[in-house]
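A closer look at the structure
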Amino acid sequence: DEIGDMSLSAQAKVLRALQTGEVTRLGGEKSFVVDVRVVAATNKDLQAAVACGEFREDLFFRLNVVPIHSPPLRERLDDIPALVESFAVEVCQENGFRQKPIDRGVVDALCRYGWPGNVRELKNVVERMLIMSDERVTLRDVPRDVLGGAAPVALASPTSAVSAPSAPLPTGLKLHDFRDAMEREYIIQRLDELQWNVSRAADELGIERTNLHKKMKVLGIKRGE
């Protein structure tokens, strides 16, 4: 997964394994033959990465036998109802919930959003709505940024002096939506400052690392935001 992010040294090892059909276990001394089929995925333009010297050309041609383009979710919005239904069953089973009905208006709202985070973002949103909702999922449970298609509220750096805001805070938010948006932005900011070291971020935030992981999952926080 995400082979475009692989270091050049790791690329050389993968290329050698594909060419010889042999691998050596980490810490091992003997190599052995494997018979495998490799499926590699990336969200990068590997041809552009080859041109920039960031990806080995020989590995690219070795992998690019049967290329399959997976369009972003925004180009296949008709898939959203089926994906929502599937994710809802999965989330309820994982958390021991009874199956919750999801209002049609919720699905319609999800179909109008651009989904920059693709299917993973959709799954996170479905999970969050199911966890935070009552007996059924209504429009009130849809995250504000999804409903409006707007970015979450920006948060000033905690180390800088805070003056009068340059723009008014958004109105019409439920208190828990506002709290979640602010908490999400603050967590992302601290993770970014600490190069996404979750353990250090948890220490600075004064919570357990496992709790921070749970918050990141519920709030839909992904590395690189």
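Residues numbered from 1 in each chain as written. Predicted model: local features only at pLDDT ≥ 70, side-chain atom pairs only at ≥ 80, totals over all residues. Heavy atoms only, no water.

The next point concerns the pattern of salt bridges. In the structure shown here, the tally under the stated rule is 14 salt bridges. Across the salt bridge formed by Arg 120 and Asp 1, the nearest N and O atoms sit 3.2 Å from each other. Taken together, the residues span a long stretch of sequence, with Arg 120 in helix 6 (residues 118-132) and Asp 1 in the segment before helix 1 (8-20) at a distance of 119 residues. Residue classification places Asp 1 among the exposed residues on the basis of a relative accessible area of 68%. Residue Arg 184 is joined to Glu 185 by a salt bridge in which the shortest nitrogen-to-oxygen separation is 3.8 Å. Each of Arg 190, Glu 193 and Glu 204 takes part in a single network of salt bridges with overlapping partners. (Salt bridge = Lys/Arg side-chain N within 4 Å of Asp/Glu carboxyl O. Helix = DSSP H or I, 4+ residues; strand = E, 2+ residues; numbered from the N terminus. Buried < 20%, exposed > 50% of the residue type's maximum accessible area, 1.4 Å probe, protein only.)

The subject of this paragraph is the side chain of Gln 11. Mapping Gln 11 onto the fold places it in helix 1. A relative accessible area of 0% means that Gln 11 is categorised as buried. Non-local contacts of Gln 11, meaning those with residues more than four positions away in its chain, are made with Met 6, Glu 54, Phe 55, Arg 56 and Leu 59. (Contact = heavy atoms within 4.5 Å.)

Ile 80, Leu 110, Trp 115, Leu 122 and Met 129 are the most contacted members of the largest nonpolar core, which totals 21 residues. Those elements that place two or more of their residues in this core are helix 4 (80-95), helix 5 (104-111) and helix 6. Here the element with the most residues in this core is helix 4; it accounts for 6 residues. The residues contacting Met 129, other than those within four sequence positions of it, are Val 106, Leu 110, Val 137, Asp 141, Val 142 and Pro 143. Ranked by size, the runner-up nonpolar core spans 12 residues in total, among them Ile 188, Leu 191, Ala 202 and Leu 219. (Core = buried A, V, L, I, M, F, W, Y, C linked by side-chain atoms within 4.5 Å.)

Before going further, it helps to spend a moment on a nonpolar patch on the surface. Together, Val 65, Val 66 and Ile 68 line one region of the surface with nonpolar side chains, adding up to about 370 Å² of accessible area. Mapped onto the fold, Ile 68 is located in the loop between helix 3 (57-63) and helix 4. (Patch = residues over 30% accessible without salt bridge, like charges linked within 9 Å, V, L, I, M, F, W, Y side chains within 5 Å. Areas by Shrake-Rupley, 256 points an atom, 1.4 Å probe, with all protein chains shown as cover.)

With a phi close to 50°, Glu 2 is a non-glycine residue in the positive phi region. For Glu 2, the location among the structural elements is in the segment before helix 1. The backbone phi angle of Trp 115 is positive, close to 50°, even though this residue is not glycine. Assignment of secondary structure puts Trp 115 in the loop between helix 5 and helix 6.

Of all residues in the chain, 86% have pLDDT values of 70 or greater, and the mean over the chain is 83. At the low end of the mean pLDDT range in the chain sits helix 8 (residues 175-193), at 80; at the high end sits helix 3, at 94. Long-range and interchain partners of residues 150-168, a stretch whose pLDDT sits below 50, account for 17 contacts in this model, where long-range means more than four residues apart. (pLDDT = per-residue confidence, 0-100.)

This brings us to the packing of helix 4 against helix 6. The contact between helix 4 and helix 6 brings their axes to 9 Å, and the two run at 50°. The orientation of helix 4 relative to helix 6 falls into the category oblique. Note that helix 4 runs across helix 6; the crossing there is right-handed. On the side of helix 4, the interface is formed by Ile 80, Leu 83, Val 84, Phe 87, Ala 88, Glu 90, Val 91, Cys 92 and Asn 95, while helix 6 contributes Val 119, Leu 122, Lys 123, Val 126, Glu 127 and Leu 130. (Axes fitted to C-alpha atoms, helices over the stretch in contact; angles between N-to-C directions. Parallel < 35°, antiparallel > 145°, perpendicular 65-115°, else oblique. Left-handed = near helix turned anticlockwise from the far one by under 90°.)

A separate point is the packing of aromatic side chains. Considering all chains together, one arrives at 2 aromatic pairs under this definition. With a centroid separation of 4.6 Å and 85° between ring planes, the pair formed by Tyr 113 and Trp 115 is classed as edge-to-face. Residue classification places Trp 115 among the buried positions, given a relative accessible area of 0%. Just above the ring of Phe 97 sits the side chain of Lys 100; from NZ or CZ to the centre is 5.3 Å. (Phe/Tyr/Trp six-rings, centres within 6.5 Å; stacked < 30°, edge-to-face > 60°. Lys NZ or Arg CZ within 6 Å of the ring centre and 35° of its normal.)

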